[in-house]
Amino acid sequence: MSQTPFRLLRAAVFAAVSVSASLLLHLWSGGHAPGPLQLSGAFALVLAAAYAIGGRQRGFLLLAPLCLAAQWGLHECFELGAVAAPSHAHGAGLSMWLVHLAAALAQASWLARGESALAAMLELLTLFFARAVRVLGLGAPVAVRPLRVAFRSAVPRLRPAERSAVSRRGPPRFAF
């Protein structure tokens, strides 16, 4: 997940989600659409920041403040140079920030789930192709790392005296 192509893909998805969510909220609240240059610049800034911190998989607790910072920065960026409409005052109060907070939390949840799903899919694809190469004998031997499976703890074996002491709770089998 930390190799350059995947890191760039993850950063691009983060930037696309952040910029589109912020733009949609901005337009729904009555703000003017930013110009293409302003929108491209916002996307490039978020992409660069996401690539810089995207060295490893991030969870919801780290993505939430990053998404909130992206929402705030994009709101300010979209307001920069825009003519304020009468129905859309800059910094429209608590309701505007609550909407941005809700959007950032939803966005962080979606991104965290998507990132873990991507990691799981890549691991499964790697295992599938590594085993296919090994079975078909297409190349040199490939070391296949087995999936990490969490095993439940072993159930303790009951001694003969304890087996007879186990009570069965509930109605009789033929009660209904």
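Before reading further, recall that the structure is shown in the block above.
Residues numbered from 1 in each chain as written. Predicted model: local features only at pLDDT ≥ 70, side-chain atom pairs only at ≥ 80, totals over all residues. Heavy atoms only, no water.

Participant: Looking at this model, I keep getting lost on the packing of helix α1 (residues 4-28) against helix α2 (residues 36-53). Mind explaining?
Facilitator: In a packed pair of helices, the relevant descriptors are the angle between the two axes and the axis-to-axis distance. In the contact formed by α1 and α2, the axes pass within 8 Å of each other and the chain directions differ by 135°. Taken as axis vectors, α1 and α2 run oblique relative to one another. Crossing of α1 over α2 shows right-handed handedness. In contact with Thr4, Arg7, Leu8, Ala11, Ala12, Phe14, Ala15, Ala16, Ser18, Val19 and Leu23 of α1, α2 contributes Leu39, Ala42, Phe43, Val46, Leu47, Ala50, Tyr51 and Ala52. Per-class residue counts for the contact of α1 with α2 are 16 nonpolar, two polar and one charged. (Axes fitted to C-alpha atoms, helices over the stretch in contact; angles between N-to-C directions. Helix = DSSP H or I, 4+ residues; strand = E, 2+ residues; numbered from the N terminus. Parallel < 35°, antiparallel > 145°, perpendicular 65-115°, else oblique. Left-handed = near helix turned anticlockwise from the far one by under 90°. Contact = heavy atoms within 4.5 Å. Nonpolar A, V, L, I, M, F, W, Y, C, P; charged D, E, K, R; others polar.)

Participant: What is the right way to look at the environment of Val46 in this model?
Facilitator: Topologically, Val46 is positioned in helix α2. The spatial distance from the C-alpha of Val46 to the C-alpha of Ser18 is 7.9 Å, given a sequence separation of 28 residues. Beyond its immediate chain neighbours, meaning those up to four positions away, Val46 contacts Phe14, Ala15, Ser18, Val19 and Leu74.

Participant: Please explain a nonpolar patch on the surface as it appears in this structure.
Facilitator: Among the surface-exposed residues, Phe60, Leu61, Leu68, Leu94, Leu98, Leu101 and Leu105 lie close enough to one another that they form a single nonpolar patch of about 670 Å² accessible area. Among the secondary structure elements, Leu105 is positioned in helix α4 (residues 94-136). Leu105 sits in the partly exposed class, given a relative accessible area of 36%. (Patch = residues over 30% accessible without salt bridge, like charges linked within 9 Å, V, L, I, M, F, W, Y side chains within 5 Å. Areas by Shrake-Rupley, 256 points an atom, 1.4 Å probe, with all protein chains shown as cover. Salt bridge = Lys/Arg side-chain N within 4 Å of Asp/Glu carboxyl O. Buried < 20%, exposed > 50% of the residue type's maximum accessible area, 1.4 Å probe, protein only.)

Participant: Any chance you could explain α4 here in plain terms?
Facilitator: The terminal C-alpha atoms of α4, which comprises 43 residues, lie 62 Å apart, in line with the 63 Å expected from a rise of 1.5 Å per residue. Backbone geometry just after α4 places Gly137 at a positive phi near 65°. (Expected span 1.5 Å × (residues − 1).)

Participant: I'm lost on the packing of α2 against helix α3 (residues 60-79) in this one. Help?
Facilitator: Axis separation between α2 and α3 bottoms out at 11 Å; the angle between their running directions is 160°. Considered as vectors, α2 and α3 are oriented roughly antiparallel to each other. For the element pair α2 and α3, the recorded crossing hand is right-handed. Of α3, the residues touching α2 (which contributes Gln38, Leu39, Ala42, Val46 and Ile53) are Leu66, Leu74, Cys77 and Phe78. When its residues are assigned to classes, the contact of α2 with α3 shows eight nonpolar, one polar and no charged.

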